[in-house]
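Spelled out from the first residue to the last, the chains are:
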Amino acid sequence: MGDEASARSIEPRAWEAVLEHIERKLLDGELAPGDRLPGERALASELGVGRSSVREALRVLEVLGLIRTHTGSGPTAGAIIIATPGGGMSALMRLQVAARGFPVDDIVATRLVLEAHVVGDLAAASGTDLAAADRLLDAMDEPALDPAEFLALDAAFHLALAEASGNQVVTATMAGLRSGIEGYALAGSGRLGDWQATAARLRSEHRGVVEAIRAADAATARRRIHDHISRYYAEISPDRGAASAMRTP
């Protein structure tokens, strides 16, 4: 009985140590969105824990929306960083969305309102720091990304714009919606005829939004983000009529 209790008390500390190690590197800037974590074996060896502890920590990080894991072997295997840690409210909302889900139409309609507001404010501001958004755009240029990885970085890019606005409520709401955004974007990607062509277009649209922000052109930034969100949804939605109606500002 004593040995079993001891094992139960040690194991949580082990995976929590892995969790804290990775989060600390994220907060210190040693790891950034687009970077890949070392493999399970390397992390276990570095931290002196079992691989099961590493796997548990990675599961928690994925639920919190900080990483996206990819099974298999080769350069794309393992976990890719898609965000940095946020506050408790953001984590709670992400878990709520993951557990219960929201109607996709509602998520898209909310995005259209929030993100048009975000990019309009960013364009009207001066000296806005868009470095995080730029890093994510560069990460999305990696040709080896699969749709799940690309769309995770895509959602992180939209969140980075919200974070750049400095509006904590909008940022928390966007963070809470992110798992829902990733979910519908990935689920519908199978309806696309040419994923690579779509990914290239999405990259171009992202950069077009940032260009409008830097040019202080709020009207163009709002139009571009609206068209970007609604066009992709119209392409992947089984109900094309309802989705197309969202394309009209």
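Here, the structure is the one placed above.
Rules used throughout
Note that residues are indexed from 1 along each chain, following the sequence as it is written. In keeping with the predicted nature of the model, local features appear solely for residues at pLDDT of at least 70, side-chain atom pairs appear and are counted solely at 80 or more, and the whole-chain, interface and lining totals rest on all residues. Side-chain calculation: all heavy atoms of the structure are included, whereas hydrogens and water are not. Helix and strand assignments follow DSSP, with helices taken as H or I runs no shorter than four residues and strands as E runs no shorter than two, numbered in order from the N terminus. To estimate how far a helix should reach, multiply one less than its number of residues by 1.5 Å. Each residue's exposure class comes from its accessible area (1.4 Å probe, protein chains only) as a fraction of the maximum for that residue type: buried when under 20%, exposed when over 50%, partly exposed otherwise. A pair is scored as a salt bridge if a Lys or Arg side-chain nitrogen falls within 4 Å of a carboxyl oxygen belonging to Asp or Glu. Each Phe, Tyr or Trp ring (for Trp, its six-membered ring) is paired with any other whose centre lies within 6.5 Å, and the angle between the two planes then decides the class: stacked below 30 degrees, edge-to-face above 60, tilted in between. All axes here are fitted lines through C-alpha atoms, helices being fitted over the stretch that makes contact, and every angle between N-to-C directions spans 0 to 180 degrees. We call two directions roughly parallel when the angle between them is under 35 degrees, roughly antiparallel when it is over 145, roughly perpendicular when it lies between 65 and 115, and oblique otherwise. Two helices that cross are described as forming a left-handed crossing if the nearer one is turned anticlockwise from the farther one by less than a right angle, and a right-handed crossing if clockwise. Pairs of residues are marked as contacts when any of their non-hydrogen atoms sit within 4.5 Å. By the convention adopted, Pro, Cys, Tyr, Trp, Phe, Met, Ile, Leu, Val and Ala count as nonpolar, Lys, Arg, Asp and Glu as charged, and the other residues, Gly among them, as polar. By nonpolar core is meant a set of buried Ala, Val, Leu, Ile, Met, Phe, Trp, Tyr and Cys residues that side-chain atoms within 4.5 Å join together.

Enquirer: Any chance you could explain unusual backbone geometry here in plain terms?
Expert: Most peptide bonds take the trans form, and the phi angle of most residues other than glycine is negative. Here Ala-216, not a glycine, exhibits a phi torsion of approximately 60°, which is positive. Mapped onto the elements, Ala-216 comes out in the loop between helix 9 (195–214) and helix 10 (218–236).

Enquirer: Help me out: how do you make sense of helix 10 in this one?
Expert: Because an α-helix packs 3.6 residues into every turn, residues spaced three or four apart end up facing the same way. Between the first and last C-alpha of helix 10 there are 28 Å, a value that for 19 residues agrees with the 27 Å anticipated at 1.5 Å per step. Taken together, the buried positions of helix 10 are occupied by Ala-218, Thr-220, Ala-221, Ile-225, His-226, His-228, Ile-229, Ser-230, Tyr-232, Tyr-233, Ala-234 and Ile-236.

Enquirer: Please explain the pattern of salt bridges as it appears in this structure.
Expert: For side chains bearing opposite charge, pairing can occur when the charged atoms are close. Across all of its chains, the model carries 15 salt bridges by this definition. Ionic pairing is found between Arg-51 and Glu-40, a salt bridge with its closest N-O pair at 3.6 Å. Separated by 11 residues along the polypeptide, Arg-51 in helix 3 (residues 51–63) and Glu-40 in helix 2 (residues 40–47) bring together distant segments of the chain. Given a relative accessible area of 24%, Glu-40 falls into the partly exposed group. Residues Glu-235 and Arg-201 are paired through a salt bridge, measuring 2.9 Å at the closest nitrogen-oxygen approach. You can see Glu-235 sitting in helix 10 and its partner Arg-201 sitting in helix 9, a full 34 residues away along the chain.

Enquirer: Can you walk me through the packing of aromatic side chains in this structure?
Expert: Two measures describe an aromatic ring pair: the distance that separates the ring centres and the angle between the ring planes. A complete count under the given rule lists two aromatic pairs for this structure. Both rings, one in Phe-150 and one in Trp-195, keep their centres 5.4 Å apart while their planes meet at 85°; by these two values the pair is edge-to-face. Residue Phe-150 is found in helix 7 (residues 147–165), and its partner Trp-195 is found in helix 9; the two are separated by 45 residues along the sequence. Both residues of the pair, Phe-150 and Trp-195, belong to the buried class. Between the aromatic rings of Tyr-184 and Tyr-233, the centroid separation amounts to 5.8 Å while the plane-to-plane angle is 70°, which identifies the pairing as edge-to-face. Of the two residues, Tyr-184 sits in helix 8 (residues 168–189) while Tyr-233 sits in helix 10, which places them 49 residues apart along the sequence. Tyr-233 matches Tyr-184 in its accessibility class, with the two residues each being buried.

Enquirer: What is the right way to look at the packing of helix 5 (residues 104–124) against helix 7 in this model?
Expert: Helices that pack against each other are described as a pair by the angle of their axes relative to one another and the distance between those axes. Put simply, helix 5 and helix 7 touch, their axes get as near as 9 Å, and they point 50° apart. Classified by the angle between their axes, helix 5 and helix 7 sit oblique to one another. Judged by the twist between their axes, the crossing of helix 5 over helix 7 is left-handed. Contact with helix 5, carried on its side by Arg-111, Glu-115, Val-118, Val-119 and Leu-122, involves His-158, Leu-161, Ala-162, Ala-164 and Ser-165 of helix 7 and no other residues of that element. Grouping the constituent residues of the contact of helix 5 with helix 7 by class yields six nonpolar, two polar and two charged.

Enquirer: Would you mind going over helix 5 with me for this structure?
Expert: With 21 residues, helix 5 should cover 30 Å at 1.5 Å per step; its first-to-last C-alpha distance of 30 Å lies within 8% of that length. Of the positions making up helix 5, those classed as buried are Ile-107, Val-108, Arg-111, Leu-112, Leu-114, Glu-115, Ala-116, Val-118, Val-119, Gly-120, Leu-122 and Ala-123. Next to the buried residues of helix 5 lie helix 7, helix 8, helix 9 and helix 10.

Enquirer: Explain the packing of helix 6 (residues 131–140) against helix 9 to me, please; I cannot follow it from the model alone.
Expert: Here helix 6 crosses helix 9 at 160°, and the two axes come no closer than 10 Å. Accordingly, the angle class assigned to the pair helix 6 and helix 9 is roughly antiparallel. Every pair of crossing elements has a handedness; the one defined by helix 6 and helix 9 is left-handed. Every residue of helix 9 that contacts helix 6 at Asp-134, Leu-137, Asp-138 and Met-140 is listed here: Arg-203, His-206, Arg-207, Val-210 and Arg-214. Across the contact of helix 6 with helix 9, the residue classes tally to three nonpolar, one polar and five charged.

Enquirer: How do you make sense of the nonpolar core when you look at a structure like this?
Expert: Inside soluble globular proteins, nonpolar side chains tend to come together where they are buried. Phe-150, Leu-153, Phe-157, Leu-161, Tyr-184, Ile-213 and Tyr-232 are the most contacted members of the largest nonpolar core, which has 49 residues in total. Of all the elements in the fold, those that place two or more residues in this core are helix 5, helix 6, helix 7, helix 8, helix 9 and helix 10. Top element by residues in this core is helix 7. It accounts for 11 residues. Counting residues in hydrophobic clusters, the runner-up holds 20 residues, among them Leu-19, Leu-58, Leu-61 and Ala-83.

The quantities given are spatial measurements derived from coordinates; they are silent on function.
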